[in-house]
Amino acid sequence: MITTDVQYRGTTVLVSAGGELDEESGAVLWQALEHVTAGERVLMVDLHGVPLMTACGLLHLLDLHRRAEERGLRVLVVGWQPQPRELMARIAGLPGPASATADRYATAGFRRLLAERAQCAHEFTESRPGRVPAGG
């Protein structure tokens with residue numbers, strides 16, 4: 001289960017996440033946008049405290065990103081840990097230790113690709129009996 005600490009610093013909303021980013025993380029992440037006003041311009045999501053992410057967790061992160069952009073916020077995701085970075089690379093079809101998927105995350109086309117592939121990975125995992133969560 002994910003936890004978040006939301007801080008408002010001038011025009012930036014800083015969301016520090018901790019724990020596992022998984023299927024149950026959506027509601028917690030959405031709360032980060034509850035009190036955003038027209039004065040905020042940037043949503044920074046810090047993933048330093050997220051050592052594990054599933055395909056469904058990636059979908060929640062992408063949804064948060066989309067919702068924030070709909071509110072006019074520029075979104076920065078920082079602090080990618082090895083397993084979430086590797087999961088994202090595998091889902092995107094760009095595996096390898098030198099893959100720079102976190103750098104590509106900021107582009108809308110790459111996020112759409114990730115969302116489509118993460119949804120497929122999540123559905124595949126959910127349909128398997130005795131399933132092991134993606135990335136685990």
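Look up a bit, the structure's there.
The structure displayed is predicted, hence computed values, not measured ones. (Residues numbered from 1 in each chain as written. Predicted model: local features only at pLDDT ≥ 70, side-chain atom pairs only at ≥ 80, totals over all residues. Heavy atoms only, no water.)

**Student:** Run through the nonpolar core, naming residues and quoting values.
**Tutor:** By size, the foremost hydrophobic cluster in this structure holds 30 residues, and its most contacted members are Leu-21, Leu-33, Leu-43, Val-45, Leu-47, Leu-58 and Trp-80. Of all the secondary-structure elements, those providing two or more residues to this core are strand E2 (12-21), helix H1 (26-30), strand E3 (42-53), helix H2 (55-70), strand E4 (74-78) and helix H3 (82-92). In terms of residues, this core owes the most to one element, H2, which gives 7 residues. (Core = buried A, V, L, I, M, F, W, Y, C linked by side-chain atoms within 4.5 Å. Buried < 20%, exposed > 50% of the residue type's maximum accessible area, 1.4 Å probe, protein only. Helix = DSSP H or I, 4+ residues; strand = E, 2+ residues; numbered from the N terminus.)

**Student:** Account for H3, naming residues and giving values.
**Tutor:** Those residues of H3 that sit buried are Gln-83, Pro-84, Leu-87, Met-88, Ala-89, Ile-91 and Ala-92. A positive phi of about 85° marks Gly-93, the residue just after H3.

**Student:** I'd love a proper account of the sheet that holds E3, names of residues and values included.
**Tutor:** Spatially, 4 strands are ordered E1-E2-E3-E4 in an open sheet, and the strand pairing comes out mixed. Looking at which strands have only one partner, the edges of the open sheet turn out to be strand E1 (2-9) and E4. Looking at each pair of strands side by side, their axes are set apart by 15° on average, direction ignored. Of the strand pairs in this sheet, E3 and E4 are connected by 5 bridges, and their pairing is parallel. When the sheet's bridge partners are listed, Val-45 is paired in E4 with Val-77. Against the sheet, H2 contacts E2, E3 and E4, and its axis sits at roughly 175° relative to E3. (Pairing = 2+ DSSP bridges. Axes fitted to C-alpha atoms, helices over the stretch in contact; angles between N-to-C directions. Contact = heavy atoms within 4.5 Å.)

So far we have only geometry, and geometry alone does not tell us how the molecule works.
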